[in-house]
Amino acid sequence: MTAKQSARLFTSANWVMMLAIIGALMAAQWKHQAVPLAILAVLLIFTVIKARLIILDFMGLRAARPAMAIALWTWPALFSFASLGRALGSYWFG
């Protein structure tokens, strides 16, 4: 591992931890209530960003296999859009 890769991995780890802590603090504001849709959207965006960082840096797929990285990144994005769609559907249609 080169110094550049090590620095990138350290930076990526810091971002993943920061996004997880911020997301947990945001979700903890509503203890026994439903999370508002805007906050849910932000949490899902954080989830997709964290998944991207983990796939590219921790799994080592940044330059080696871009097709595999895209396929792995699409999976959490698909489920994030599905859960946001379900939340919007229950909000709009009761």
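This structure is a prediction, so every number in the text was calculated from the model and none was measured.

(A) Local environment of the overall build of the protein chain. Looking only at helices and strands, one finds three helices and zero strands in the protein chain. Going from the N terminus to the C terminus, the protein chain shows its helices and strands as α-α-α. In terms of overall size, the protein chain is more extended than a compact globule, its C-alpha atoms giving a radius of gyration of 16 Å where 94 residues would be expected to give roughly 12 Å. For the protein chain, the spread of C-alpha atoms along the principal axes amounts to about 55 × 30 × 15 Å. The buried share among the 94 residues of the protein chain stands at 22%. By element, 72% of the accessible surface of the protein chain is carried by carbon and sulfur atoms, the whole surface being about 6900 Å².

(B) Inspection of the nonpolar core at higher detail. Core analysis: the largest hydrophobic core is formed by five residues, namely Leu19, Met26, Ile39, Leu43 and Phe46. When contributions to this core are tallied by element, the ones reaching two or more residues are helix H1 (3-28) and helix H2 (37-58). With three residues, the single largest contributor to this core is H2. Excluding residues that lie within four positions of it along the chain, Met26 makes contacts with Ile39, Val42, Leu43 and Phe46.

(C) View of a nonpolar patch on the surface. A surface patch of nonpolar side chains, about 270 Å² in accessible area, is lined by Trp15, Met18 and Ile22. Secondary-structure assignment places Ile22 in helix H1.

(D) How the structure looks around the packing of aromatic side chains. Here the structure, examined in full by the defined rule, presents one aromatic pair. With a centroid separation of 4.9 Å and 75° between ring planes, the pair formed by Trp75 and Phe79 is classed as edge-to-face. Taken together, the residues span about one helical turn, with Trp75 and Phe79 both in helix H3 (residues 66-93) at a distance of four residues.

(E) Fine view of the confidence of the model for the protein chain. Averaged over all residues, the pLDDT of the protein chain is 86; the fraction at 70 or higher stands at 98%. When pLDDT is averaged over each helix and strand of the protein chain, the minimum, 87, is found for H3 and the maximum, 89, for H1.

(F) Quick look at H2. Here H2 is 22 residues long and its end C-alpha atoms lie 30 Å apart, about the 32 Å a rise of 1.5 Å per residue gives. Buried within H2 we find Ile39, Leu43, Leu44, Phe46, Val48, Ala51, Leu53, Ile55, Leu56 and Asp57. As for H2, its buried residues are in contact with H1 and H3.

So, how was this worked out
- Residues numbered from 1 in each chain as written.
- Predicted model: local features only at pLDDT ≥ 70, side-chain atom pairs only at ≥ 80, totals over all residues.
- Heavy atoms only, no water.
- Helix = DSSP H or I, 4+ residues; strand = E, 2+ residues; numbered from the N terminus.
- Rg over C-alpha atoms; globule rule 2.2 N^0.38 Å.
- Buried < 20%, exposed > 50% of the residue type's maximum accessible area, 1.4 Å probe, protein only.
- Areas by Shrake-Rupley, 256 points an atom, 1.4 Å probe, with all protein chains shown as cover.
- Core = buried A, V, L, I, M, F, W, Y, C linked by side-chain atoms within 4.5 Å.
- Contact = heavy atoms within 4.5 Å.
- Patch = residues over 30% accessible without salt bridge, like charges linked within 9 Å, V, L, I, M, F, W, Y side chains within 5 Å.
- Salt bridge = Lys/Arg side-chain N within 4 Å of Asp/Glu carboxyl O.
- Phe/Tyr/Trp six-rings, centres within 6.5 Å; stacked < 30°, edge-to-face > 60°.
- pLDDT = per-residue confidence, 0-100.
- Expected span 1.5 Å × (residues − 1).

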